[in-house]
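A closer look at the structure
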Amino acid sequence: MKIIFKIAKTELRDLFYSPIAWLILIIFTFQTGMLFADSISHIVETQSKGYGGLYRTLGIYGGERGLFVAVQSYLYLYIPLLTMSLMSRELGSGSIKLLYSSPVTNVQIILGKYFAMLAYGLVLTGVLLVYSIYGMCTIENVDTPIILTGLLGCYLLLCAYVAVGLFVSSLTPYQIVAAVGTLAILAVFTYVKGMWQAVPFLREITYWFGMTGRSDNFMNGMICSEDVLYFVVVVLLFLLMTIIRLQSRRQKVPFLTLVGKYVGVWGVAVVLAFVSSRPVFKGYYDATYTKMNTLTPNSQEIIKQLKGGLTITTYVNILDVNNWVGFPENYNEDVRLFEQYTRFKPEIKMKYVLYYDTVKNDQLERAYPGMTYEEKARKVIERQKLNPRKILTPEKIRKRIDLRTTEGNRTVRLLERESGEKTFLRLYNDASIHPTESEISAALKRLVMTDLPTIGFLTGHGERETDRPGDRNYCMFTHLPMLRQALVNQGFDYQDVTLDREIPEDISILVIAEMREPMTEAERVYFDKYVARGGNLVIIGEPGRQEVMNPVLDPFGVKLVDGFLIQPEEESEPQELKADNMDLGPFAGFTAPKQPIDLIRTQPTKGAQKLSYYFSYMIPNYVAAMPTAAGLEYTTDKGFEVIPLFMSDSTCWNELEYTDIVDKDIVYNPAAGEVQKSYPLALALSRKVGDRDQKIVVLGDADCLSDGELTRSRQPLWTANYTIIQASFFWLSDYKVPIDIRRPSPIDRRVDVSTSGAEVLNYALIGGFPGLLFILYMFIWLRRRGR
């Protein structure tokens, strides 16, 4: 060991006597200093304008564009310049013969030079440590473990690069060739993860050896045993190959013996790669304060209940717009989407079934107009180089599973337990496409729980329909498969209900959406029985339906106010509304647009935010848009506790004179019985019935949840009407679904640096820090020349 350190010391001394090491260090310092100073300056500027922030530590150092992420993206450019002379210099000058003649082994030579480069790597890491210490001192409640794991990731990546460079340097006496060769091998390691992805075993190996993104987990505060072992295997692999190379130079070795050694080393590496990539052998440590890389406790609890095997079968229609999900080259990336779940349940199996069948895909229709589905399938198979024998025809796939009715033959996943329970997990027509933790955990909860809420939608009185899309209907938020927020994708079941018999016991929430015809006396009996047993309700009214809806609302002490609400055109001063010591007013400072005047814009009250955390997501930027809404009035003498969820502005009035306001000069007219005040727009009622809490939500506007409104843009307003659905049904389901995936709020929200401090930092890092290193280099250089 003493000889190894002596070689390392000599190599490190020669390195720092050379200008290339100092040049790299100065350029590295300048480049990283500029990135870090720009990041701090940007944050300080936004803070000076009054904007807040979250995850400052991750944003500055990790995430997608932090300092360490940028460093790993160009670190490979420095290493070839450092390692190109490690062995090439010895081979080219002939000094390697002196080493061979001395009592020094090949292992000692290689390890000595490698340790020297690791020491130089610590110097580069020390530069990053300076920025890290600055952040630890200036970021409020800094999440230090994120910084430390990021530093570890950068250093491990550097160690792997150095091992590759050392090996290539042992292959040639020409330093330039060694530098280019190192870049070439690093390029291979960058692109190898995409090779042979159609071959099951090989794709595991090639994907594992891919270096792209290998340190991303470290940048996000996660340490995974697979990532750590990857760097260890790569380093040992190239060090051993370098030792073998030197041995073959030092003494003649039969060609087959030499090949056998290389094959043996690679064989061990491949075995370690395959074994370490198995979920059952992986270990994790999430170093972040919010545990952002780990499933939330509720999801973990669901996984604990999921006993036995679980198979996720992805049925991929190759004619679907999302067909790429199941293509062989995307297999490993797709598997990684479920890594947080396989961490807690490693026995999850992933299967893929490719087929073609009728499906709506406008892009494919434009690409191959007039072709039959079979002809289109042939085109896709040819273009994607798929195996046609593995693509099921419509007849074959329908024998296995019929996806036409519920899924429209779209690409979908089927989750199936060993005990036989099944449920679908879908892809969505939005920017994210893939399901998030909320949707995945909701689907898994269907497999383990029998008491998930079933919503009954009352029919038979002209209510809003749920079985087909339409501007007036409620298809989207109930069961549209490709919509992420749809209730069926968040853990709810739903069915239509009539009142010609008792409401089934499994109905836990009954929705009455704008009845146009009153209940008969016989129907009223069944409805009253449901209310008496403590069933939860959503009662949705609409202006013009007061005569039909008010008898339904009367037992709860609620009524729809006559007329419909008008938001005045003139700007109004923000007012704070108080009722029972609760602030029920809308968001402060909002100025209503002049048109349309019957569009009510509002935000959830403080009482609503306490009732369901989903309502808090609307604060401060989002509003609920309620077109042509009826105000509500309520009393508390029916035994219900009442919490207003949304309130209108106090300048609103209930318009009674006109029903058609187009091209009319609408003014407030008290003489006509119109009342100007702040009206409740949505209410939450609750009471104790036996051993359970009965919960009721009342809305004065049915259009706000309709397909037409949910797809309408209300620019410049940012509307979030889906939040009304998620928040309300979360409360009505006793907080069972949607799955609560909240994490602790981040506490590193501010950087305590002034504008002048940011300017000083900018000068210090871009000019001062590199300048000091340059002065130090000149001092060493002049001192050496003077000897």
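This text follows the structure it describes.
For the structure given in this document, a descriptive report is provided here.

Parameters and conventions
Residues numbered from 1 in each chain as written. Predicted model: local features only at pLDDT ≥ 70, side-chain atom pairs only at ≥ 80, totals over all residues. Heavy atoms only, no water. Helix = DSSP H or I, 4+ residues; strand = E, 2+ residues; numbered from the N terminus. Pairing = 2+ DSSP bridges. Contact = heavy atoms within 4.5 Å. Axes fitted to C-alpha atoms, helices over the stretch in contact; angles between N-to-C directions.

A separate point is unusual backbone geometry. Cis geometry is adopted by the peptide bond preceding P716, which originates at Q715 and carries an omega value of 5 degrees. With respect to the secondary-structure elements, P716 resides in the loop between α27 (707-710) and α28 (722-732). Cis geometry marks the peptide bond from V737 to P738, where omega comes out at -5 degrees. Even without being glycine, K291 reaches a positive phi, approximately 55 degrees.

The next point concerns the sheet that holds strand β4 (residues 348-355). Within the open sheet, the 5 strands sit side by side as β5-β4-β3-β6-β7. Their pairing is mixed. In this open sheet, the two edge strands, each paired with only one partner strand, are β5 (391-392) and β7 (422-426). Here 8 bridges tie strand β3 (residues 310-317) to β4, and the two strands are oriented parallel to one another. What sits directly across from T311, in β4, is K349. Running at roughly 175 degrees to β7, helix α22 (residues 437-448) makes contact with β3, β6 (412-417) and β7 of the sheet.

Further remarks concern the environment of L319. On the secondary structure map, L319 appears in the loop between β3 and α16 (331-336). In the structure, L319 is positioned 60 residues away from K379 in sequence and 9.8 Å away in space, judged by C-alpha atoms. Once residues lying within four places of it in the same chain are set aside, the contact partners of L319 are Y356, D357, V359, N361, L364, Y373, K376, A377 and V380.

With mixed pairing, 7 strands are arranged side by side in an open sheet as β9-β8-β10-β11-β22-β21-β19. Edge positions in the sheet fall to β9 (493-497) and β19 (641-647), since each has one partner strand and no second. Looking at each pair of strands side by side, their axes are set apart by 20 degrees on average, direction ignored. Summarising the sheet, β19 and strand β21 (residues 680-689) pair through 6 bridges and their orientation is antiparallel. Across the sheet, V642 pairs through a bridge with L685, a residue of β21. Those strands touched by α28 are β8 (454-458), β10 (507-513), β11 (536-540), β19, β21 and β22 (692-699), and its axis lies near 160 degrees from that of β22.

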